[in-house]
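What the coordinates show
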Amino acid sequence: PSKGREDVDLATRTKPKTQRPPLYKVLLLNDDFTPMEFVVHILERLFGMTHAQAIEIMLTVHRKGVAVVGVFSHEIAETKVAQVMELARRQQHPLQCTMEKE
Ligand code: TYC
C-alpha cells in the first residue's frame, strides 16, 4: 500500500530549519596606484594571512581586478571594509574594498 500524506516526508514537512546568518564576501579591488606592499600589509594585518598568502591574493587582485579576501558575518565584514578604507585613506591610496552577500 502507498504511504499516506501523514507518513510521506514527515521529516521534510516538520523538521525545524536551522537558521544560519547570511555571510558576506569582502572583496578587494585593483587600481593602478596603490603600492603592492601596502596591499600585502593590509592582507596580513587585517585578514590574518601569512606573507606568502598575502602576496598570492594581492597578485590575484592585480591580475584579475578583484578577489575575495574573506567571508564573514555582516558586522565583521562591515568592520573589515571600514578598516581597509580608513588605512588606505590615511595613506592617500585609492584602494577600494567592498562587501557582497554570498
Ligand atoms: N595594481 C597595483 C599596482 O600595480 C597593485 C594593487 C594590487 C592595487 C591589489 C590594489 O587591491 C589591489 N601597484
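Further up the page is the structure itself.
Quick look at the structure, then. As the structure is a computational prediction, the values presented were derived from the model and not from experiment.

Here is what the cut-offs are and how they apply
Residues numbered from 1 in each chain as written. Predicted model: local features only at pLDDT ≥ 70, side-chain atom pairs only at ≥ 80, totals over all residues. Heavy atoms only, no water. Patch = residues over 30% accessible without salt bridge, like charges linked within 9 Å, V, L, I, M, F, W, Y side chains within 5 Å. Areas by Shrake-Rupley, 256 points an atom, 1.4 Å probe, with all protein chains shown as cover. Salt bridge = Lys/Arg side-chain N within 4 Å of Asp/Glu carboxyl O. Helix = DSSP H or I, 4+ residues; strand = E, 2+ residues; numbered from the N terminus. Near = heavy atom within 4 Å. Polar contact = N/O pair within 3.5 Å; in protein donor to acceptor, adjacent residues only side chain to side chain. Nonpolar A, V, L, I, M, F, W, Y, C, P; charged D, E, K, R; others polar. Pairing = 2+ DSSP bridges. Axes fitted to C-alpha atoms, helices over the stretch in contact; angles between N-to-C directions. Core = buried A, V, L, I, M, F, W, Y, C linked by side-chain atoms within 4.5 Å. Buried < 20%, exposed > 50% of the residue type's maximum accessible area, 1.4 Å probe, protein only. Contact = heavy atoms within 4.5 Å. Phe/Tyr/Trp six-rings, centres within 6.5 Å; stacked < 30°, edge-to-face > 60°. Lys NZ or Arg CZ within 6 Å of the ring centre and 35° of its normal.

Describing a nonpolar patch on the surface
There is a patch of nonpolar side chains on the surface, built from Leu23, Val68 and Val71 and spanning about 210 Å² of accessible area. Relative to the elements of secondary structure, Leu23 occurs in the loop between α1 (10-14) and β1 (24-29).

Considerations on the site of the ligand
In the vicinity of the ligand, the residues found are Leu28, Leu29, Asn30, Asp31, Thr34, Met36, Val39, Met58, Val61, His62 and Leu95. Between the ligand and Asn30, the relevant distance is 2.8 Å, taken from a nitrogen atom to a side-chain nitrogen or oxygen of the residue. His62 places a polar side-chain atom, nitrogen or oxygen, 2.9 Å from a nitrogen atom of the ligand. Taking 350 Å² as the accessible area of the ligand by itself, protein coverage stands at 89%. Sorting the residues of the shell around the ligand by element identifies β1, α2 (36-47) and α3 (51-64) as the ones contributing at least two each. In terms of residues, the shell around the ligand owes the most to one element, α3, which gives 3 residues. For the shell around the ligand, the class distribution of residues is 7 nonpolar, 3 polar and 1 charged.

Topic: the sheet that holds strand β2 (residues 66-72)
Ordered by their spatial adjacency, 3 strands build an open sheet running β2-β1-β3, and the pairing between neighbours is antiparallel. Looking at which strands have only one partner, the edges of the open sheet turn out to be β2 and β3 (96-101). Mean inter-strand twist for the sheet, computed between neighbouring axes without regard to direction, equals 30 degrees. Summarising the sheet, β1 and β3 pair through 6 bridges and their orientation is antiparallel. Following the sheet pairing, Leu29 is matched in β3 by Gln96.

Section: the nonpolar core
Core analysis: the biggest nonpolar cluster contains 23 residues, and Val26, Leu28, Leu43, Phe47, Val69, Val84 and Leu95 have the highest contact counts within it. Every element with two or more residues in this core is listed here: β1, α2, α3, β2 and α4 (74-90). Among the elements that take part in this core, α2 stands out by supplying 7 residues, more than any other. If sequence neighbours within four positions are ignored, Leu43 has contacts with Leu28, Gly48, Met49, Ala54, Ile57, Met58 and Val69.

Some points on the packing of aromatic side chains
One pass over the full model with this rule turns up 1 aromatic pair. Taken together, a centroid distance of 6.2 Å and an interplanar angle of 45 degrees make the contact between Phe47 and Phe72 tilted. Note that Phe47 is positioned in helix α2 and Phe72 in strand β2, a separation of 25 residues in sequence. As far as the burial class goes, Phe47 and Phe72 line up, both buried. Here the guanidinium or amino end of Lys80 rests over the ring plane of Phe47, the centre of that ring lying 5.7 Å away.

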